[in-house]
Amino acid sequence: MTHGTEPTPVGKQLGTPIVQPDVDEAELVARLKARDERAFEEFERTYAARVFAMAKRICGDEHDAADATQEAFAGAYRTLAGFDGRSKLSTWLTRIVINKCLVKLRTRRRRPAVSLDELLPTFEADGHATVPAPHWRRLEEEEASGRLAELVREQLERLPDHYRVVLILRDVQGLSTEEVAHVFDETPNAVKIRLHRARQALKALLDPHMRQEKMS
Amino acid sequence: MSDQKDEAHQPIDLTCRDAYAFLQAYIEGELQAALRAAFDQHLAECSSCRRYVAQYEAVIAAMRSSHGVVDGVVDGVVDGGVDSAAGGVPAMPQGLLSAIRSLRPVA
Ligand SMILES: [Zn+2]
């Protein structure tokens, strides 16, 4: 939840999605543009495994993730000359690989996604929730046993891709709202709304599995 | 609702619908003080919303742990390799790195 606090003179501070802290990106970019062999080595060693890990989370499939990673680097190398440093190198690369992943997802949807509207909470005229939040089983136990994490992995797959991907980028990868907005070419506010809906829908999908058995 | 209230001195009354709408800003610490106080007040009085907030936060925490993220370290990937002690994800498939290498623009 901690975002970059340093002010940046040019453009927006776009944070650090897949970067490691000791990389001087500006210097690395300059060397890449100069086609310094060692810079390519450093670039690939720094980012390839991270890009692949992210692609695998989003694609869900190792082959698609490997393809997307390879295509992302191809795209990055092809457009490197045009990289203007307005966003961070890591954000730029993230944006490229996410778009490769989204193309892959579009061509192979594993199963029909749930309808989000049916999962979102509804309210009475007086503002009360139509259905009160159910009692879940003890969270500490479900967390400690790993059962909640398992359920989350499983139910996440049922969300429509553009909700699932926002959840992964924001809540797993830890990108800031601004970074996600940059990746999707959307406003930060649109991202916030989508993220909130996605979290609410995922919670609703977990409800039947987490509901406490009634003692009657 | 119909009576005239002195806004500066009346506490804000939130419904569950309001609480659900402000929830995201609440947990990210983006609510203004007055709204935050109203949110806390609603939680104090509404057990359903207390559960909802706790469950919403649990989902966020579980997202991270469900994908091998521990203490903000994604994947435990260190220096392009994988630190499996940190519960990392599988390393890259064989040949991927050399495939990427072959894509470098030639000097
Ligand atoms: Zn309530």
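Worth saying up front: this structure is predicted, and the values here are computed from it rather than measured.

Some points on the coordination of the zinc ion
All names here are of chain B.
(1) Moving on: Within the protein, the atoms that donate to the zinc ion are Cys 16 (SG), His 42 (NE2), Cys 46 (SG) and Cys 49 (SG), at distances of 2.1 to 2.3 Å.
(2) Moving on: Classification of the site at the zinc ion as tetrahedral follows from its four donor atoms and the range of 100 to 113 degrees in their angles at the metal.
(3) Moving on: Sequence positions of the residues that donate to the zinc ion give the spacing C-x25-H-x3-C-x2-C.
(4) Moving on: By relative accessible area, which is 10% here, His 42 ends up buried.

Quick notes on the interface of chain A and chain B
(1) Moving on: If you look at the interface, chain A gives 56 residues, while chain B gives 46 residues.
(2) Moving on: The contact between chain A and chain B buries some 4800 Å² in all, and 61% of this surface belongs to carbon and sulfur atoms.
(3) Moving on: If you look at where chain A meets chain B, you find seven salt bridges.
(4) Moving on: Linking Arg104(B) and Glu37(A) is a salt bridge whose minimum nitrogen-to-oxygen distance equals 3.0 Å.
(5) Moving on: Our count for the chain A to chain B interface comes out at 22 residue pairs in polar contact (both at pLDDT 80 or more).
(6) Moving on: Ranked by the residues each element gives to the side of chain A that touches chain B, the list is headed by helix α2 (residues 37-59) of chain A, at twelve residues.
(7) Moving on: Here the side of chain A that touches chain B is composed, by residue class, of 27 nonpolar, ten polar and 19 charged.

Focus on the packing of aromatic side chains
Within a pair of aromatic rings, the relevant descriptors are the distance that separates the centres and the angle that separates the planes.
All names here are of chain A.
(1) Moving on: The final tally for this structure, using the stated rule, is nine aromatic pairs over all chains.
(2) Moving on: Each ring, one from Phe 43 and one from Phe 73, has its centre 5.5 Å from the other, and the planes form 65 degrees; the classification is edge-to-face. With Phe 43 in helix α2 and Phe 73 in helix α3 (residues 62-79), the pair connects residues that are 30 residues apart, well separated along the chain. Considered together, Phe 43 and Phe 73 belong to a single accessibility category, that of buried residues.
(3) Moving on: Connected via pairs of aromatic rings, a cluster forms that spans Phe 40, Phe 43, Tyr 47, Phe 73 and Tyr 77.
(4) Moving on: One cation-aromatic arrangement involves Arg 194 over Phe 184; the distance from NZ or CZ to the ring centre is 5.0 Å.

A few points about the packing of α2(A) against helix α4 (residues 89-107) of chain A
Residues and elements named next belong to chain A.
(1) Moving on: With their axes 10 Å apart at the nearest point, α2 and α4 run at an angle of 35 degrees to one another. When the axes of α2 and α4 are compared, the crossing they make is right-handed. Between α2 and α4, the residues in contact are Phe 43, Tyr 47, Val 51, Met 54, Ala 55, Ile 58 and Cys 59 and Leu 89, Ser 90, Leu 93, Thr 94, Val 97, Ile 98, Cys 101 and Leu 105, respectively.
(2) Moving on: Residues that form the contact of α2 with α4 fall into these classes: 13 nonpolar, two polar and no charged.

Here we look at the domain arrangement of chain A
Residues and elements named next belong to chain A.
(1) Moving on: We note that the domain assignment places domain 1 (9-106) and domain 2 (116-215) within chain A.
(2) Moving on: Just the C-alpha atoms count here: the centres of domain 1 and domain 2 sit 28 Å apart.
(3) Moving on: Listed per partner, the contact involves 18 residues of domain 1 and 14 residues of domain 2.
(4) Moving on: With both sides pooled, the region where domain 1 packs onto domain 2 buries about 1500 Å², and carbon together with sulfur makes up 62% of that total.
(5) Moving on: Counting across the domain 1 and domain 2 interface gives one salt bridge.
(6) Moving on: At the junction of domain 1 with domain 2, the criterion picks out four residue pairs in polar contact (both at pLDDT 80 or more).
(7) Moving on: Mapped by element, the contributors of at least two residues to the side of domain 1 that touches domain 2 are α2 and α4.
(8) Moving on: If one sorts the elements of the side of domain 1 that touches domain 2 by residue count, α4 sits on top with seven residues.

Conventions adopted
Residues numbered from 1 in each chain as written. Chains lettered and ligands numbered in written order. Predicted model: local features only at pLDDT ≥ 70, side-chain atom pairs only at ≥ 80, totals over all residues. Heavy atoms only, no water. Donors = N, O, S within 2.8 Å, 3.2 Å for Na, K, Ca; no water. Tetrahedral: all angles 85-135°; square planar, octahedral: opposite > 155°, others 65-115°. Buried < 20%, exposed > 50% of the residue type's maximum accessible area, 1.4 Å probe, protein only. Contact = heavy atoms within 4.5 Å. Buried area = accessible area lost by both parts, 1.4 Å probe. Salt bridge = Lys/Arg side-chain N within 4 Å of Asp/Glu carboxyl O. Polar contact = N/O pair within 3.5 Å; in protein donor to acceptor, adjacent residues only side chain to side chain. Helix = DSSP H or I, 4+ residues; strand = E, 2+ residues; numbered from the N terminus. Nonpolar A, V, L, I, M, F, W, Y, C, P; charged D, E, K, R; others polar. Phe/Tyr/Trp six-rings, centres within 6.5 Å; stacked < 30°, edge-to-face > 60°. Lys NZ or Arg CZ within 6 Å of the ring centre and 35° of its normal. Axes fitted to C-alpha atoms, helices over the stretch in contact; angles between N-to-C directions. Left-handed = near helix turned anticlockwise from the far one by under 90°. Domains from an automatic or database assignment.

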